[in-house]
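Residue strings, one per chain:
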Amino acid sequence: MSETKIVKTTCSTCGPCCEVDAYVKDGKLISVEGARNTPMQSGGLCAKGVAASQYVYNKERVLYPMKRAGRKGEGRFERISWDEAYDMIADNLLRVRRTYGAKSTVFYAGYAKWYRPALLRLANAYGTPNFCTESSTCFQAAALAWRSLYGNMICRPDLKNTKTLILWSSNLYHSNTPMSPMYKDLKKRGVKVIDVDPRHTVTAHDADIHLQLIPGTDGALALSMAQVIIEEKLYDREFVEKYVYGFEEYREYVQEFLPQKAEKITGVPAELIRLAARTYAGNGPAGIMFSASPVVHHINGVQNYRAVFSLIALTGNYDIEGGNRTQPGPFSPANEFGRVRRFDGEEALGQREFPAWFDLPCDEAQCIRLADYILDEKPYPVKAVFAMGLNHRMWPKPERLKLALEKLDFYVNAELFWSKSCDGADLVLPACTSYEREQVHTGGGGRFFFSNKAIEPVGESKNDIEIIMEVLRRMKVREPGIADEILEGGYEAYMEYILKPSGLTLSELKSHPKGMQGRNLYQPSVKTYEKEPFHTPSGKVEFKSLILERYRDSHGYSGLPRYGDYREHWNDFGIGREEYPLILNTGSRKPQLFHSRLYRMSWLGGIEDVPLVEIHPKDGRKYGVADGENVRITSPAGSVTGIAAYNNQGKPGVVYIYHGSPNGDANELIHKDYVDPISGFPGFKGYFCRIERTGQDEDKV
Ligand SMILES: Nc1nc2c(c(=O)[nH]1)N[C@H]1C(S)=C(S)[C@@H](COP(=O)(O)OP(=O)(O)OC[C@H]3O[C@@H](n4cnc5c(=O)[nH]c(N)nc54)[C@H](O)[C@@H]3O)O[C@H]1N2
Ligand SMILES: Nc1nc2c(c(=O)[nH]1)N[C@H]1C(S)=C(S)[C@@H](COP(=O)(O)OP(=O)(O)OC[C@H]3O[C@@H](n4cnc5c(=O)[nH]c(N)nc54)[C@H](O)[C@@H]3O)O[C@H]1N2
Ligand code: SF4
Ligand SMILES: [Mo]
């Protein structure tokens, strides 16, 4: 019998890549705990992380390269060797490139971030502008809103020095558990917290002021706060005069949002709007924490966030200690690595519909309409998709995308699990988890650490970057022009490459389980704008965006952060509002779920094996639905069944459902064209529905 050994490694079941101690016996992962004796780790772990063994040894893991053996979509596959798989990929991708041009191939990455720079390199070497990721629904719209104002990367709040913090839609106890100790520290330090959230969440519970707005009315709330701040002369006149473009028009526009009027739109009492405005502007320095998704999961999401982000410059909280600061560089060269999309003047997917996405600029294409591009062959044919972690459940009307993928000439998906998105593929490749590979990580503040391989890869699964590297090599043999020095060097050399700017070597890092401090490339600084102009067309913070103005006539964009209420726009989408009286909000995070991927784990997914339809008890009574009853939710785009769960965290009038369930996907309820015209992000959190009993409750007992 062998001893149980503890391996220092990382969990990457979701985003943060937490350091963990893996307990391994006889080559098997027994259990996982939060890392001990490691900076910033407490030994604790979130619910998803604790369930690691169910993740790694899940019966749905893809074990071998599998080639389609039946009709497309039929789901019959046969095992082949890696060698055959690589040849098949190289031959087919090159065939599509020769026949239709490189842009007809999409390289796609789902929500796993670590291999993206390498995949982008592969896309660049191949020559397609269509490198796409899950960011077609996440983060990029917030980044776009920010860049339209400030011209740089989103500036995060300086939590160490802030006196007031607005959490503008961020339920970090559920969505970012590793941040919760920070939140507790803020409270201990006496920082005033304002939480903007339609639900009284655990995070809202700890806030000093909770602005419980109707989903998607964030823009009206922010404009109203601006109105108070300007009216009461709480704004930073000097900063505004020197550095802001479009202030006069903005000042005039915000007059339309007196708190009494904003109360009617947002549902937030006028007095609370005033209090929040005075606290944010008067108890500085103050920061705003943004989220990658809820505000921009609305059809006016970009403008709503523009209105929110304007408050930072208005109050002079931009790039000062305790405000929202330009990053001193996270010192993570791994992030910088390869992050430039090669364009060569080729039209990328999404460029016609969402031109600001590209002007602002973004390093990937916008693939929210991927199903349309494949089915309509417009603006040009899309014939191949090389995907790593493509899950069709991310998109609105996922079944439509699933069918579209079956129409492709060639579709490969590298996956941990056999998801329904694999059924339509020509080839499915087994990828491994973080427990089965080595990886160099860049932590905060220039700290690097090495994640060991805790166990051998399950089945014949491989590390995604090694797969990418071999695909490149096989293409190069056939087509020598397809080359990339870094990808050709092998995975060890790749890790060395990432480390290079830090001055550390891989062998040093491997022998320091607690990690090491690398050379600091960037010095923190404040008020960078005193030294260089803003990277916007005017060189100033653009309350009126000149890039958005470019598309006023062609796309109807407005340079000002104009508030458009989705509840007034239902007509544009052919929706009869009386038939769908409730607002539908899908995907607010739950601690035990992560999009579509964790339902298959009984410890986690078992809590919700069919979708829970969270409804306020008042609405339950109004629509004749009891707690626990089987219900049908119907929207103008579709219908899904689930179980009614009374919940009074939100206000009456809104129904909340988590997405991605194999037993009723809320995304089937969202119309494919219900998107923000600027970003292309779907209105996941502000659509319309009705609820009714299915009358099938007897079946349950
Ligand atoms: N209704 C609604 N829809 C939403 C949202 C919402 O709030 N509401 N949120 C949106 C947002 S913000 C996001 S980010 C997206 C996320 O959407 P997705 O990125 O599709 O997220 P997942 O469902 O986790 O699917 C990712 C797939 O990658 C696989 N995978 C995980 N790790 C690896 C790996 O290391 N290698 C490989 N090859 N595969 C891996 C997983 O098994 C999974 O099948 O969903 C969006 N969709
Ligand atoms: N456990 C878990 N953690 C996750 C994920 C997961 O799937 N599961 N997904 C990860 C990903 S991809 C992302 S993008 C992040 C998202 O991280 P968060 O944004 O923190 O997560 P959410 O729960 O989607 O949204 C936060 C809060 O926004 C509120 N909200 C909903 N609609 C609106 C609105 O219109 N306006 C405002 N102001 N608030 C609104 C919700 O009530 C919720 O409490 O979470 C990440 N972390
Ligand atoms: S938050 Fe939880 S699931 Fe996500 S990486 Fe950390 S431990 Fe793993
Ligand atoms: Mo996301």
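Fair warning: this is a prediction, and the values are worked out from it, not measured in the lab.

So, about the overall build of the chain. Within the chain, the secondary structure is distributed over 26 helices and 27 strands. Its C-alpha atoms give the chain a radius of gyration of 25 Å, within 12% of the compact-globule value 27 Å for 701 residues. Dimensions of the chain along its principal axes, counting C-alpha atoms only, are 70 × 65 × 55 Å. Evaluated residue by residue, the chain yields a buried proportion of 60% over its 701 residues. Sequence-distant contacts in the chain: of pairs separated by 6 or more residues, those separated by 24 or more amount to 72%. Total accessible area on the chain is roughly 26,700 Å²; 50% of this is exposed by carbon and sulfur atoms.

Read from one edge of the open sheet, 7 strands run β5-β4-β17-β16-β15-β6-β7, paired in mixed fashion. In this open sheet, the two edge strands, each paired with only one partner strand, are β5 (77–79) and β7 (131–133). Strand-to-strand twist across the sheet, computed as the mean angle between neighbouring axes with direction ignored, equals 20 degrees. Sheet analysis places strand β6 (residues 105–109) next to β7, joined by 3 bridges and oriented parallel. Bridge assignment links Ala109 to a residue of β7, and that residue is Thr133. In the packing of helix α3 (residues 82–100) onto the sheet, contacts are made with β4 (66–68), β6, β15 (384–388), β16 (410–415) and β17 (427–430), and the angle to β17 comes to roughly 130 degrees. Where helix α19 (residues 464–478) meets the sheet, it contacts β15, β16 and β17, and its direction lies at approximately 150 degrees from that of β15.

So, on to the site of ligand 3. All residues adjacent to ligand 3 are Cys11, Thr13, Cys14, Pro16, Cys17, Cys18, Leu45, Cys46, Lys48 and Gly49. Here the residues of the shell around ligand 3 sort into 7 nonpolar, 2 polar and 1 charged.

Right, let's get into the environment of Glu508. Mapped onto the elements, Glu508 comes out in helix α22 (residues 506–510). Spatially, the C-alpha atom of Glu508 lies 48 Å from that of Ala404, the residues being 104 residues apart in sequence. Ignoring any residue separated from it by four or fewer positions in sequence, one finds Glu508 in contact with Gly503 and Met516.

Right, let's talk about the pattern of salt bridges for a bit. Counted by the stated rule, this structure contains 49 salt bridges. Among the ionic pairs, Glu346 bridges to Lys103, the shortest N-O distance being 3.4 Å. Highlighted residues: Glu346 in the loop between α15 (333–336) and α16 (355–359) and Lys103 in the loop between α3 and β6, separated in sequence by 243 residues. Residue classification places Glu346 among the partly exposed residues on the basis of a relative accessible area of 31%. For Lys103, a relative accessible area of 22% puts it in the partly exposed group.

Quick look at the packing of helix α9 (residues 218–231) against helix α11 (residues 247–254) now. Orientation of α9 relative to α11, taken along the N-to-C sense of each, is 105 degrees, at an axis distance of 9 Å. It follows from the interaxial angle that α9 and α11 lie roughly perpendicular. Across from Leu223, Ala226, Gln227 and Ile230 in α9, the residues of α11 making contact are Phe247, Tyr250, Arg251, Tyr253 and Val254. When the residues that make up the contact of α9 with α11 are grouped by side-chain class, the tally is 7 nonpolar, 1 polar and 1 charged.

Near ligand 2 there are 34 residues, and of these Asp197, Asp218, Ser291, Leu593 and Tyr658 occur at the shortest range. Asn171 places a main-chain nitrogen or oxygen 3.1 Å from an oxygen atom of ligand 2. Within the contact set of ligand 2, a nitrogen atom lies 2.9 Å away from a backbone nitrogen or oxygen of Lys590. In isolation ligand 2 has 900 Å² of accessible area, and contact with the protein removes 96% of it. When its residues are assigned to classes, the shell around ligand 2 shows 13 nonpolar, 14 polar and 7 charged. Each of domain 3 (156–325) and domain 4 (566–693) gives at least three residues to the shell around ligand 2.

On to the packing of α9 against helix α13 (residues 270–282), then. The N-to-C vectors of α9 and α13 enclose an angle of 65 degrees; their axes lie 9 Å apart at closest approach. Put simply, α9 runs roughly perpendicular to α13. Considering the relative orientation of α9 and α13, their crossing is right-handed. The residues of α13 that touch α9, namely those facing Leu221, Ser224, Met225, Val228 and Ile229, are Ile273, Arg274, Ala276, Ala277, Tyr280 and Ala281. Its residues assigned to classes, the contact of α9 with α13 comprises 9 nonpolar, 1 polar and 1 charged.

By the assigned domains, the chain splits into domain 1 (5–56), domain 2 (66–135 + 332–517), domain 3 (156–325) and domain 4 (566–693). On a C-alpha basis, the centres of domain 2 and domain 4 stand 31 Å from each other. The interface of domain 2 with domain 4 comprises 21 residues on the first partner and 25 residues on the second. Note on domain 2 versus domain 4: buried area summed over both sides is about 1,800 Å², and carbon and sulfur give 55% of it. Along the contact surface separating domain 2 from domain 4 lie 3 salt bridges. With its nearest N and O atoms 3.4 Å apart, the salt bridge here joins Asp665 to Arg393. The tally of links from domain 2 across to domain 4 stands at 12 residue pairs in polar contact (both at pLDDT 80 or more). Those elements that provide at least two residues to the side of domain 2 that touches domain 4 are α16 and α18 (398–406). Among the elements that take part in the side of domain 2 that touches domain 4, α18 stands out by supplying 3 residues, more than any other. Taken together, the residues of the side of domain 2 that touches domain 4 sort by class into 11 nonpolar, 4 polar and 6 charged.

Strand pairs in the sheet, formed through backbone hydrogen bonds, run parallel or antiparallel to each other. If you trace the 3 strands from one edge of the open sheet to the other, you get β18-β19-β20, paired in antiparallel fashion. Single-partner strands in this sheet number two, and they are β18 (439–442) and β20 (516–517). Of the strand pairs in this sheet, β18 and strand β19 (residues 447–451) are connected by 4 bridges, and their pairing is antiparallel. The partner of His441 across the bridge, within β19, is Phe449. The sheet strands contacting helix α21 (residues 491–499) are β18 and β19, and the helix crosses β18 at an angle near 15 degrees.

About the criteria used
- Residues numbered from 1 in each chain as written.
- Chains lettered and ligands numbered in written order.
- Predicted model: local features only at pLDDT ≥ 70, side-chain atom pairs only at ≥ 80, totals over all residues.
- Heavy atoms only, no water.
- Helix = DSSP H or I, 4+ residues; strand = E, 2+ residues; numbered from the N terminus.
- Rg over C-alpha atoms; globule rule 2.2 N^0.38 Å.
- Buried < 20%, exposed > 50% of the residue type's maximum accessible area, 1.4 Å probe, protein only.
- Contact = heavy atoms within 4.5 Å.
- Areas by Shrake-Rupley, 256 points an atom, 1.4 Å probe, with all protein chains shown as cover.
- Pairing = 2+ DSSP bridges.
- Axes fitted to C-alpha atoms, helices over the stretch in contact; angles between N-to-C directions.
- Near = heavy atom within 4 Å.
- Nonpolar A, V, L, I, M, F, W, Y, C, P; charged D, E, K, R; others polar.
- Salt bridge = Lys/Arg side-chain N within 4 Å of Asp/Glu carboxyl O.
- Parallel < 35°, antiparallel > 145°, perpendicular 65-115°, else oblique.
- Polar contact = N/O pair within 3.5 Å; in protein donor to acceptor, adjacent residues only side chain to side chain.
- Domains from an automatic or database assignment.
- Left-handed = near helix turned anticlockwise from the far one by under 90°.
- Buried area = accessible area lost by both parts, 1.4 Å probe.

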